[in-house]
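An overview of the molecular structure
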Amino acid sequence: MKRKLIAAIGVAGIMIGAAACGGSDKKDGAAGGDAKELTVWLTVDAQKNWPELVKAADDAIVAKHPGLKINHEYYGWPDKNAKLDAVLATDKAPDVVEMGNSEMLPYTVKGAFAEVDPSKFDNSAGWLDALKASVTYNGKTYGVPYYAGGRTATWRKDIAADSGITATPKTYAELTADLDKIQAKQGDKFSAWYQPTRDWYAAMSFVYDAGGSIAKQDGDKFKANLSSPESIKGLTEFKNVVDKYMKNDKTKDEADRPIVYGQGKSALVFSPAWEGANAALPENDKVGKLAEKIESFVMPAPSGKAMPVFLGGSDLAVPVKSKAQALAAEWINAFTGTQGQKGLVAKGNLPNNKTDLAPLKADPKTAVPATAAESSWFVPMAPGWGQVEKAKTLQDMLQAIGTGKKTVEAAAKDADAAIDKVINTK
């Protein structure tokens, strides 16, 4: 998820706060159990889409702690981090704050969040892999997964039918065979698979499927791994897809993919699940009744398994400066626990754990995103990853590969060098 970078004032404040509090080695529940107020920061998603779930968590905690006052503040994603950066430099930090899972690492490295005990949270043993990774640093846990959103394939049934294809592909061999037919039928101005070259989330799915990774951990150090044989294999297959099926501008990222797809210029996209629905909105649908002509399926991978996907989502963390850490942990469990997850699933979200994911796989309405979410990957939880110009480094590598300016091996080697310069730097 693309969020604001931490402002300089926020980083300074975090460092001062961590030093003043003696670091973040204090478990949740170790302080603040008798606090009289609790301040919870969430994004406007909760305010607009599931306010009753917030109230249910409030009611559960107030019932256990009569007289407790719970204050809520809601922020848009572009605004939240700037506000958080500023307040972490003061003694006015919230007790609970929602973070995008890709936002967690820089704050955790700087000591902004208190360590929590996973055993105190429902279904923690089954947290989805990518969400669990996002709250784990140096073997310790600094947050609680809230909900998830994955990536699926979205397919034009009508275009497939024009090429004699009657079912969505179940294997990668079937997928490429079908795309070959579609590409031949539609011609060179049509992208059988609209796959923006700079979409590093999709490209890294190929890398992880092949057994590669962005970086590998060896002891307490990380080493860039994009030029390993396994990663090269994945990058090479990604290049094959771009070369064969992506007939649009090969210097673009994925920002306008729903718009392009809504214009009817492609048969397939591999993207966050909401993008297909967004393409079918009236303002984007230039095809006409696009919603009736698309369907989603789990993207098959060259390995023979489901394609591992980057799992976006949100986590809840307790700032180390909170004076109510025990109550904060209780509220988080009430909100993200078993009952809370049922409510979030009913609102169309993926749950934070595999137990609650299982029944969704059996329901035709949710089977595709739920199945896709089972196989996931996450960025390296390395101390310097937040300092890597990760999007630019990976995007530049992929653009060089996709446009043929560099070989796969040369581009990967250059990216590794850029990552290695800072990946272990706090």
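In the block above lies the structure referred to throughout.
Residues numbered from 1 in each chain as written. Predicted model: local features only at pLDDT ≥ 70, side-chain atom pairs only at ≥ 80, totals over all residues. Heavy atoms only, no water.

Here we come to helix 9 (residues 200-209). Most of helix 9 is tucked away: nine of the 10 residues are buried. Looking only at helix 9, the buried set comprises Trp200, Tyr201, Ala202, Ala203, Met204, Ser205, Phe206, Val207 and Asp209. Backbone geometry just downstream of helix 9 places Gly211 in the positive-phi region, at approximately 95°. (Buried < 20%, exposed > 50% of the residue type's maximum accessible area, 1.4 Å probe, protein only. Helix = DSSP H or I, 4+ residues; strand = E, 2+ residues; numbered from the N terminus.)

Moving on: the pairing of strand 9 (residues 215-218). Direction of pairing for strand 9 relative to strand 10 (residues 221-224): antiparallel, over a ladder of four bridges. Along strand 10, the bridge assignment pairs Asp218 with Lys221. Hairpin connection between strand 9 and strand 10: a loop of two residues separates the two successive antiparallel strands, and Gly219 in this loop has a positive phi of roughly 70°. (Pairing = 2+ DSSP bridges.)

Turning our attention to the nonpolar core. In this structure, Trp193, Met204, Trp331, Phe335 and Met397 are the most contacted members of the largest nonpolar core, which totals 121 residues. With seven residues, helix 9 is the largest single contributor of residues to this core. Every residue in contact with Trp193, bar those within four places of it in the chain, is listed here: Leu175, Leu179, Phe206, Val241, Tyr245, Met246, Ser266, Leu268, Phe270 and Met299. (Core = buried A, V, L, I, M, F, W, Y, C linked by side-chain atoms within 4.5 Å. Contact = heavy atoms within 4.5 Å.)

Another aspect to go through is the sheet that holds strand 14 (residues 312-317). Sheet strands pair via backbone hydrogen bonds, and the direction of the pair is either parallel or antiparallel. On the basis of which strands lie adjacent, the open sheet formed by five strands has the order 2-1-3-14-6 and mixed pairing. The sheet terminates laterally at strand 2 (69-75) and strand 6 (144-149), the two strands that pair on one side only. Each adjacent strand pair in this sheet contributes to an overall mean axis angle of 20°, direction not counted. Each of strand 1 (37-43), strand 2, strand 3 (96-100), strand 6 and strand 14 touches helix 13 (residues 325-336); the most contacted strand, strand 1, lies at about 45° to it. (Axes fitted to C-alpha atoms, helices over the stretch in contact; angles between N-to-C directions.)

Our focus in this paragraph is the sheet that holds strand 7 (residues 151-156). Taken in spatial order, the four strands of this open sheet run 8-11-7-12, and their pairing is mixed. Both edges of this open sheet fall to strand 8 (191-193) and strand 12 (294-297), since each of them pairs with a single strand only. Put simply, the sheet's adjacent strands are angled 30° from each other on average, direction ignored. Running over the sheet, helix 8 (residues 172-186) touches strand 7, strand 8, strand 11 (266-272) and strand 12 and is turned about 170° from strand 8. The strands that helix 16 (residues 367-374) touches are strand 7 and strand 12; relative to strand 7, the one it contacts most, it runs at about 135°.

Taking 1.5 Å per residue as the helical rise, helix 3 (residues 51-64) with its 14 residues ought to reach 20 Å, and the 20 Å between its terminal C-alpha atoms agrees with that figure. Listing the buried residues of helix 3 in full gives Leu53, Val54, Ala57, Asp58 and Ile61. Seen from one end, helix 3 has its buried residues packed into an arc of 140°, which puts them on one side. (Expected span 1.5 Å × (residues − 1). Arc of directions from axis to C-beta.)

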